[in-house]
Amino acid sequence: MRLLPAVHAALLSALVSVPFAATPPPAAAQSADGVNPCDFSGADAACQLADGVYRAWKPLGEGPFPAVVYLYGSLGEADLNYRSEFFRETITGSGHVLIVPEALSVVQYVGGITGTGWNRSGRIGDHPRDDVAFLRQVLIHAEQYFRIDRDRVIFVGQSDGGFMIWDLACHHPEMAAAYAVHAGSYGGALPERCDRPVRFLQTHGRQDTVVPFEAERIREGVGLTAANPVEGLDLLARTSGCAPREAAETRQLLDFQQTAWTGCAKDGAIEYWVHDGGHGYPGSWLPTVVRWFEQFKPEPVAVGQRVIRKPGDGAQTRSAPGAGGQRFKPGTRSAGRFKAVPK
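This brings us to the pattern of salt bridges. In this structure the tally under the stated criterion is 8 salt bridges. One salt bridge connects Glu102 with Arg55, and the closest N-O pair in it is separated by 2.6 Å. Separated by 47 residues along the polypeptide, Glu102 in the loop between strand 6 (97-101) and strand 7 (104-108) and Arg55 in strand 4 (residues 53-59) bring together distant segments of the chain. Among the residues examined, Glu102 registers a relative accessible area of 8% and is labelled buried. Using a relative accessible area of 4% as the deciding quantity, one classes Arg55 as buried. Close ionic contact of Arg150 with Glu143 constitutes a salt bridge, the shortest N to O distance being 3.3 Å.

Right, here's the structure in full:
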């Protein structure tokens, strides 16, 4: 199994609630264009960037910190996840920054219900925002404002957020060090190949009727089709150089029957966790995902070198004396905050 023995030994004790030690940073100084992108003065604590809003909590300390970017489903709300004590204790209590970007209200369901949606490949209908570009903005800003370590970021998502993460993992794998999905899949027909090896964890409930377990189509009338999750994992495994699924290792841990592909390339790790529930995930899922992610440690940068990034690029190691690059400057504040998602 790809989880390290020490990780397994620590899991049960790690799932116990940890002391809450998360505080937002002090109010940021205004940028050159006069915009203060993060406002923690009221109930609507948020960072307003050029293309949208995100919310975050950081642990105590100076950082740099690993980070969990959570993409919620189509009837979720960013501030509800942001204010969840469970989320904050699980993420910041383990030393990670919790980042919750805000999706746009664009999904029209049967009966006139509007939900949020992420602009992934294959989505039917118009979407007013390039969400890949928006999520890059979030990472660039959070790297400076919340001192996240861009080499230790995991995207975690549920349902429609999971569909977006499948898209990122396949077509924009440089966005994060790992990806974890619950009750999501690749939207539309699978491509022949993804871009490069990834660390990817898929979890699904056997009783899920919203995104049916290992089904190829979901919910007629909402403009969504999905690939079979196992076939998608086989695609990621081939891209990651893993041995065929028949050689995978299995085990039972907490609520999950876990399958791990073997023989993967250095930056590849493919796992499938199944539980007996439905569309919602068990309470043990999020802390277990965090522990799974913690086994992947970035290699140290050689002495005399540092990591330099360009907006939207992956990490590059260069010989570079002296100070780092320029501070990120957010774009013009959009007209008002995005509205909360109707319940």
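Attention shifts here to the side chain of His96. Within the secondary structure, His96 is located in the loop between helix 3 (85-92) and strand 6. There is a polar contact of 3.0 Å between the side chain of His96 and the side chain of Ser94.

Attention shifts here to the nonpolar core. Formed by 77 residues in total, the largest nonpolar core has its most connected members in Ile99, Phe155 and Phe200. With residues near it in sequence (within four places) discarded, Phe200 still touches Ile165, Trp166, Ala169, Tyr179, Val181, Leu233, Leu236, Ala269, Ile270, Glu271 and Trp292.

With respect to burial, strand 13 (residues 256-260) is a largely interior element, 4 of its 5 residues being buried. Of the pairings in the sheet, the one linking strand 12 (residues 249-253) to strand 13 comprises 5 bridges and is antiparallel in character. The residue bridging Leu253 from the neighbouring strand is Phe256, located in strand 13. Counting the residues that bridge the hairpin from strand 12 to strand 13 gives 2 residues, and of these Leu254 lies at a positive phi of roughly 55 degrees. Pairing geometry for strand 13 and strand 14 (residues 269-275), over 4 bridges, is antiparallel. The partner of Ala260 across the bridge, within strand 14, is Glu271.

Moving on to the state of the cysteines. In total, this model carries 3 disulfides according to the counting rule given. In this model Cys170 forms its disulfide with Cys194; the gap between the sulfur atoms is 2.1 Å. A torsion of -95 degrees about the S-S bond marks the disulfide between Cys170 and Cys194 as left-handed. Placement of the pair is Cys170 in helix 5 (residues 160-171) and Cys194 in the loop between strand 10 (178-182) and strand 11 (199-205), with a sequence separation of 24 residues. For the residue pair Cys170 and Cys194, the accessibility class agrees, reading buried in each case. Taking only the cysteines that form disulfides and numbering them from first to last, the chain has the pattern 1-2, 3-4, 5-6.

Cut-offs used in this document
- Residues numbered from 1 in each chain as written.
- Predicted model: local features only at pLDDT ≥ 70, side-chain atom pairs only at ≥ 80, totals over all residues.
- Heavy atoms only, no water.
- Salt bridge = Lys/Arg side-chain N within 4 Å of Asp/Glu carboxyl O.
- Helix = DSSP H or I, 4+ residues; strand = E, 2+ residues; numbered from the N terminus.
- Buried < 20%, exposed > 50% of the residue type's maximum accessible area, 1.4 Å probe, protein only.
- Polar contact = N/O pair within 3.5 Å; in protein donor to acceptor, adjacent residues only side chain to side chain.
- Core = buried A, V, L, I, M, F, W, Y, C linked by side-chain atoms within 4.5 Å.
- Contact = heavy atoms within 4.5 Å.
- Pairing = 2+ DSSP bridges.
- Disulfide = S-S within 2.5 Å.

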